[in-house]
Amino acid sequence: GIAAWFSQNSFNLVSSVIAITGLWFTAFSIRSETKARQVANLIAVTENHREIWAEYSRSPDLWRVLNPTADLTKQPITLREELFTRSVIFQLNSSYYATKDHLIIKLEGLRRDAFEFLSLPIPMATWKLIKYKQNDEFAAFVESCQNWK
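As a starting point, this report considers the structure included with it. Predicted model only: the values in this text are computed from it and were never measured.

## Focus: helix 2 (residues 79–100)
And step 1. Across its 22 residues, helix 2 extends 31 Å between first and last C-alpha, which sits within 8% of the 32 Å expected from 1.5 Å per residue.
And step 2. Directly beyond the C-terminal end of helix 2, a positive phi value near 60° is found at His102.

Below you can see the structure in the form of structure tokens.
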């Protein structure tokens, strides 16, 4: 009966239980490592974001970048404004791909942030200068953000 079957198959049964348990612990470990890596990557993205905007905060010559009434016909974009705006767009690019590839925890407001930033005159003009140099996928994401609302 059962005792005979168990005595004949106990090694296979124990081996199977150990293998399944090992696989379960491996999957759990990988999931934990993935979450830890996502958090570490998010911290790095946040640090880069902080550095960019700290530069903005301490540089009055950049403050016009966020001015919704900046008139680019009266005062064209300065090189410094363009370089700063490019940095923000490159940060957006990094955040987009990191989110898309699940390397960071999903940034829920990424599309809204892109819309708000790129609706401003200087960022929009800078985007028009550099969008043809971007990956098609990222360019399509940015263009879709302009229709966010």
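## Remarks on helix 4 (residues 121–130)
And step 1. Those residues of helix 4 not exposed but buried are Ile122, Pro123, Met124, Thr126, Trp127 and Ile130.
And step 2. Residues of helix 4 that are buried in the fold lie against helix 2, helix 3 (110–118) and helix 5 (136–145).

## Re the packing of helix 2 against helix 3
Axis angle and axis distance: for two packed helices, these are the angle between their axes and the distance between the axes, and together they describe the pair.
And step 1. Between helix 2 and helix 3, the shortest axis-to-axis distance is 11 Å and the interhelical angle comes to 160°. As the angle between them shows, helix 2 and helix 3 are arranged roughly antiparallel. Considering the relative orientation of helix 2 and helix 3, their crossing is left-handed. Two secondary-structure elements touch here, helix 2 through Thr85, Val88, Ile89, Leu92, Ser95, Tyr96 and Thr99 and helix 3 through Leu110, Ala114, Phe117 and Leu118.

## Overview of the side chain of Gln134
And step 1. Tracing the chain through its elements places Gln134 in the loop between helix 4 and helix 5.
And step 2. Residues in contact with Gln134, not counting those within four places in the same chain, are Phe90, Asn93 and Trp127.

Parameters at a glance
Residues numbered from 1 in each chain as written. Predicted model: local features only at pLDDT ≥ 70, side-chain atom pairs only at ≥ 80, totals over all residues. Heavy atoms only, no water. Helix = DSSP H or I, 4+ residues; strand = E, 2+ residues; numbered from the N terminus. Expected span 1.5 Å × (residues − 1). Buried < 20%, exposed > 50% of the residue type's maximum accessible area, 1.4 Å probe, protein only. Contact = heavy atoms within 4.5 Å. Axes fitted to C-alpha atoms, helices over the stretch in contact; angles between N-to-C directions. Parallel < 35°, antiparallel > 145°, perpendicular 65-115°, else oblique. Left-handed = near helix turned anticlockwise from the far one by under 90°.

Geometric values such as these leave the question of function open.
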